[in-house]
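Listed here are the chains, written in short residue letters.
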Amino acid sequence: MIRAIYPGSFDPVTLGHLDIIRRASQKVDELIVGVLNNGGKTPLFSIDERVSMLKEVTGGLSNVKILSFSGLLVDFARQTEATIVVRGLRAISDFEYELQMAQTNSILNSEVDTMFLTASNDYSYLSSTTVKEIASFGGNIEKFVPKEICSRIYEKYSGKR
Ligand code: ADP
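Below: a short report on this structure. Predicted model only: the values in this text are computed from it and were never measured. (Residues numbered from 1 in each chain as written. Predicted model: local features only at pLDDT ≥ 70, side-chain atom pairs only at ≥ 80, totals over all residues. Heavy atoms only, no water.)

Attention now moves to the side chain of S25. By the secondary structure assignment, S25 is in helix 1 (residues 15-25). When residues no more than four places from it in sequence are discounted, the contact partners of S25 are L31, N63 and V64. (Helix = DSSP H or I, 4+ residues; strand = E, 2+ residues; numbered from the N terminus. Contact = heavy atoms within 4.5 Å.)

Here is the structure:
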């Protein structure tokens, strides 16, 4: 039984994330999408909102589970008995941070290996930050996020424009 965790903020989930979730879930028995509840960052969406959007857009993927976690990723991996951490790599700019995190995590928990999936060409430019910026100006985000959640993103900004 190979269980992997795909951790992230998912604030909000984008088509780039969903692409990684689909591809990773085909390579393992179970993929846990771990939504980080990090007190240090102030997300646009609450942890419950991020979990609920992910559940909605991954409903058709039977071996994908959505859970939230706080604290260290390596501890979450131990609790869930996961041995793989999946991360997406978009560009060289992701690499330095990702390498440092993967190496640190392997020292903290040698049972866990980080595996990287390269972003698909279609989504290698895409980030949650870009989506939020476009939505904040009322731009069209349909090409960037699953259509089921577009309205929830616009709603966040409807009172602010
Ligand atoms: P974090 O705050 O941990 O970077 P994100 O939600 O921004 O969380 O991203 C989670 C993971 O998904 C990271 O490994 C990131 O590199 C990857 N990722 C983000 N956007 C894309 C994309 N468009 N294509 C592929 N991977 C992506």
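All chains considered together, the criterion is met by 8 salt bridges. With a closest N to O distance of 2.9 Å, R23 and D19 form a salt bridge. You can see R23 and its partner D19 sitting in helix 1, 4 residues apart, about one turn around the helix. (Salt bridge = Lys/Arg side-chain N within 4 Å of Asp/Glu carboxyl O.)

Our next topic: empty space enclosed by the protein. One pass over the structure, following the stated rule, counts 1 cavity of 30 Å³ or more. Lining the largest cavity are P7, L73, V85, R87, E98, M101, A102, N105, T114 and F116. Counting residues per element, the lining of the largest cavity draws most heavily on helix 4 (residues 92-108), which supplies 4 residues. When its residues are assigned to classes, the lining of the largest cavity shows 6 nonpolar, 2 polar and 2 charged. (1 Å grid on protein atoms, 1.4 Å probe; cavity = no way out; pocket = protein on both sides within 12 Å on 5 of 7 lines; lining within 4 Å. Points joined across faces, edges and corners; volume = space filled by probe spheres on them. Nonpolar A, V, L, I, M, F, W, Y, C, P; charged D, E, K, R; others polar.)

On the secondary structure map, D11 appears in the loop between strand 1 (3-8) and helix 1. Under the relative-accessibility criterion, D11 is labelled buried at 6%. Within polar-contact distance, the side chain of D11 engages the backbone nitrogen of L44 at 2.8 Å. Sequence-distant contacts of D11, defined by excluding residues within four places in its chain, comprise P43, L44, F45, R50, S128 and K132. (Buried < 20%, exposed > 50% of the residue type's maximum accessible area, 1.4 Å probe, protein only. Polar contact = N/O pair within 3.5 Å; in protein donor to acceptor, adjacent residues only side chain to side chain.)

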